[in-house]
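# Observations on the three-dimensional arrangement
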Amino acid sequence: MSLPPVFYHYFQTPLPYARTLALQERLHQIQLATRHTSSHHDVLLLLQHRPVYTAGRRQTAEELTAERIRLTRIGADFVTTSRGGQLTYHGPGQLVGYPILDLGRTSPAMGTRDYVCRIQRAIQAYLAEEHGLRTVPSEHMGLFLDATTKVASIGVQVRHGLTTHGFAMNVTKEPLAWFDRVVACGLADVKAGCIELATGKAVQVDDVVEGIVAAFGTMYGRGMERLSVESAGEVGEAIVAVEEEALAAGDWPKSPATLSP
């Protein structure tokens, strides 16, 4: 039996991280409540965030207190999450993908390692086919253009066989100045790269969405359909509410503030 399509939605306005985290939780709850009827939809949320640093499960409260103070002073939000990994940055110029998938749709159920590997291979395929960029093997999670240049990160959570969190791919140069303010993912010898710098060509986040959607569908063996929020019930209502809040939040800082010594 063929698998149902994954429904995707791309947010046009950068979203506040905490509110988007709550959206993921809401969609996870809807999936969990309806999966016994097989009426639940798998969803891929694609978006940019307002400038934010996020911490994963590996850091202690003591480590995070000073960083929270410092990083919010330069203009970013700071959020502690339940995902894997350490401190990283999300913001405009970076495409973030949050797949909300039921891994039990396949027989046997897809394992977490396989799920993560497919995300990685989807981004690899997209970079190679659309931009001529080859990634190199690394002992670290994510995708690297060379041994010290990271272009994409992956950090997921799987509960009850349902996924949240996902991946982030640097498209334009805008995120790089923000990354320079931290040791992202605990890797002191690694710097952030992006498609724009690697190709020497102007590229915007809007330009990469359809290519990533296609690569995702191919790697998971799923059809991909644009979500009609007007007819998507509770899922559509939750998405519209977040979009309205993002519009109301107004502008965001385009670069980190310079602090006096």
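This one's a predicted model, so the numbers in the text were calculated from it and none came from an experiment. (Residues numbered from 1 in each chain as written. Predicted model: local features only at pLDDT ≥ 70, side-chain atom pairs only at ≥ 80, totals over all residues. Heavy atoms only, no water.)

Scanning the protein chain from terminus to terminus reveals 7 helices and 11 strands. Over its C-alpha trace the protein chain gives a radius of gyration of 18 Å, about what one expects of a compact globule, namely 18 Å for 261 residues. Expressed along its principal axes, the backbone C-alpha trace of the protein chain runs to roughly 60 × 40 × 35 Å. In the protein chain, 79% of the contacts between residues at least 6 apart in sequence involve partners at least 24 apart. As presented, the protein chain carries roughly 12100 Å² of accessible surface, and 52% of it is formed by carbon and sulfur atoms. (Helix = DSSP H or I, 4+ residues; strand = E, 2+ residues; numbered from the N terminus. Rg over C-alpha atoms; globule rule 2.2 N^0.38 Å. Contact = heavy atoms within 4.5 Å. Areas by Shrake-Rupley, 256 points an atom, 1.4 Å probe, with all protein chains shown as cover.)

Counting residues in hydrophobic clusters, the biggest one holds 37 residues, and the most contacted among them are L46, L95, Y115 and M169. Elements represented by at least two residues in this core include exactly β1 (6-10), β2 (42-47), α3 (112-131), β7 (143-146), β8 (149-159), β9 (162-170) and α6 (205-220). Looking at this core element by element, the count peaks at 9 residues for α6. Ranked by size, the runner-up nonpolar core spans 25 residues in total, among them L23, V52, A238 and V242. (Core = buried A, V, L, I, M, F, W, Y, C linked by side-chain atoms within 4.5 Å. Buried < 20%, exposed > 50% of the residue type's maximum accessible area, 1.4 Å probe, protein only.)

This brings us to the packing of aromatic side chains. One pass over the structure, following the stated rule, counts 5 aromatic pairs. Centroid distance Y115 to Y220: 5.9 Å. Interplanar angle 50°. Geometry classified as tilted. You can see Y115 sitting in helix α3 and its partner Y220 sitting in helix α6, a full 105 residues away along the chain. Taking relative accessible area as the criterion, Y115 reaches 0% and is therefore assigned buried. Judged by its relative accessible area of 7%, Y220 falls in the buried class. Among the aromatic residues, those joined into a cluster by ring pairs are Y53, Y89, W178 and F179. Over the ring of W252 we find K254; its NZ or CZ atom is 4.5 Å from the centre of that ring. (Phe/Tyr/Trp six-rings, centres within 6.5 Å; stacked < 30°, edge-to-face > 60°. Lys NZ or Arg CZ within 6 Å of the ring centre and 35° of its normal.)

A separate point is the pairing of β8. Most of β8 is tucked away, with 9 of its 11 residues classed as buried. Across 3 bridges, β7 lies against β8 in antiparallel orientation. The partner of D146 across the bridge, within β8, is T149. Taking the residues between adjacent antiparallel strands as the criterion, β7 and β8 are bridged by 2 residues. Inspection of the sheet shows β8 paired to strand β10 (residues 191-192) by 2 bridges, in the parallel sense. For K150, the partnering residue across the bridge sits in β10 and is A192. In this sheet, β9 lies alongside β8 in antiparallel orientation, the contact comprising 8 bridges. Within β9, the residue paired with I154 across the bridge is F167. The loop that links β8 with its antiparallel partner β9 comprises 2 residues; one of these, H160, has a positive phi angle of about 55°. (Pairing = 2+ DSSP bridges.)

Time to look at unusual backbone geometry. Here S107 and P108 are connected by a cis peptide whose omega angle stands at 0°. Relative to the helices and strands, P108 is located in the loop between β6 (94-100) and α3. For H160, which is not glycine, the phi torsion reads 55° and is therefore positive. Note on placement: H160 falls in the loop between β8 and β9. Even without glycine at this site, H165 takes up a positive phi of about 60°. Turning to its location among the elements, H165 is positioned in strand β9.

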